[in-house]
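Observations on chain architecture
Spelled out, the chains give:
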Amino acid sequence: MNHDLNVLLVEDDDIDFMSIVRSFKKRKILNKITRAIDGVHALELLREETIAKPFIVLLDLQMPRMSGLEFLDTIRNDDMLNDMVIFVLTTSDNEQDIVKSYKKHVAGYFLKDRVSDQFLDVVDVLDGYWRILQLPKG
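Just so we're clear, the structure is a prediction, and the values are computed from it rather than from any experiment.

Within the protein chain, the regular secondary structure consists of six helices and five strands. Overall, the protein chain shows an N-to-C arrangement of helices and strands of β-α-β-α-β-α-β-α-β-α-α. Counting over 138 residues, the protein chain shows a buried share of 49%. If you sum the accessible surface of the protein chain, you get close to 7,600 Å²; carbon and sulfur atoms cover 50% of it.

Now the structure itself:
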């Protein structure tokens, strides 16, 4: 993976957070991961420019205070933030959530329950994508 690429992980569940971090370590992906516990917290970090560019977002949909879909709506309507690369990583297999997410220009939609045993495969897909991905630095 491009080691200059930072990851904003928007995830309220501690166990899921640790699983994701552990999977990255198993694949020797050493990129900095910053955690936001929900959409409100993520927006605060982004608006304060706490996460150095370039970065991508891994977004859960099922969160308190501000759901992932509400976060996507807010981001895509913000001229300063609307060009972010966002991957959804969620338990929701609801077709409406999938359609709404892609209408908000997510780069990919992964189900946690499908990846629980195969999460390393998802990390491999993300790693391959990020190796060739070119993002603006500023």
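Attention now moves to the UniProt feature "modified residue: 4-aspartylphosphate" (unreviewed entry) in the protein chain. Under the UniProt annotation, "modified residue: 4-aspartylphosphate" (unreviewed entry) lies at Asp60. Inspection of the secondary structure assignment puts Asp60 in the loop between strand 3 (55-59) and helix 3 (68-76). Leaving out residues up to four positions away in the same chain, Asp60 has contacts with Val10, Glu11, Asp12, Gly68, Leu89, Thr90, Thr91 and Lys112.

Two elements in contact, helix 2 (residues 39-47) and helix 3, have axes whose closest approach is 9 Å; the angle formed by their N-to-C orientations is 30 degrees. One way to sum up the angle between helix 2 and helix 3 is to call them roughly parallel. In this structure, helix 2 crosses over helix 3, and the sense of that crossing is right-handed. Where helix 2 approaches helix 3, its residues Gly39, Ala42, Leu43, Leu46 and Arg47 are matched on the opposing element by Phe71, Thr74 and Ile75.

This next bit is on the nonpolar core. Ranked by size, the top nonpolar core spans 26 residues in total, and within it Leu8, Leu46, Val57, Leu59, Phe71, Met84 and Ile86 carry the most contacts. Elements with a minimum of two residues in this core: strand 1 (6-10), helix 2, strand 3, helix 3, strand 4 (85-90) and strand 5 (108-111). Not counting residues up to four positions away in its chain, the partners in contact with Leu8 are Thr34, Ala36, Ala42, Leu45, Leu46, Ile51, Ile56, Val57 and Leu58. Counting residues in hydrophobic clusters, the runner-up holds 19 residues, among them Val21, Ile56, Val122 and Trp130.

What follows concerns the pattern of salt bridges. What the rule picks out here adds up to four salt bridges. In this structure, Asp14 and Arg35 form a salt bridge, with 2.9 Å as the shortest nitrogen-oxygen distance. Taken together, the residues span a long stretch of sequence, with Asp14 in helix 1 (residues 14-26) and Arg35 in strand 2 (residues 33-36) at a distance of 21 residues. Arg65 serves as the salt-bridge partner of Asp38, at 2.6 Å between the closest nitrogen and oxygen. Here Asp38, found in the loop between strand 2 and helix 2, pairs with Arg65, found in the loop between strand 3 and helix 3; they are 27 residues apart in sequence, far enough to count as distant. Residue classification places Asp38 among the buried positions, given a relative accessible area of 3%. The exposed category is assigned to Arg65, whose relative accessible area is 60%.

Parameters at a glance
Residues numbered from 1 in each chain as written. Predicted model: local features only at pLDDT ≥ 70, side-chain atom pairs only at ≥ 80, totals over all residues. Heavy atoms only, no water. Helix = DSSP H or I, 4+ residues; strand = E, 2+ residues; numbered from the N terminus. Buried < 20%, exposed > 50% of the residue type's maximum accessible area, 1.4 Å probe, protein only. Areas by Shrake-Rupley, 256 points an atom, 1.4 Å probe, with all protein chains shown as cover. UniProt positions renumbered as here; feature names shortened; annotations may be inferred. Contact = heavy atoms within 4.5 Å. Axes fitted to C-alpha atoms, helices over the stretch in contact; angles between N-to-C directions. Parallel < 35°, antiparallel > 145°, perpendicular 65-115°, else oblique. Left-handed = near helix turned anticlockwise from the far one by under 90°. Core = buried A, V, L, I, M, F, W, Y, C linked by side-chain atoms within 4.5 Å. Salt bridge = Lys/Arg side-chain N within 4 Å of Asp/Glu carboxyl O.

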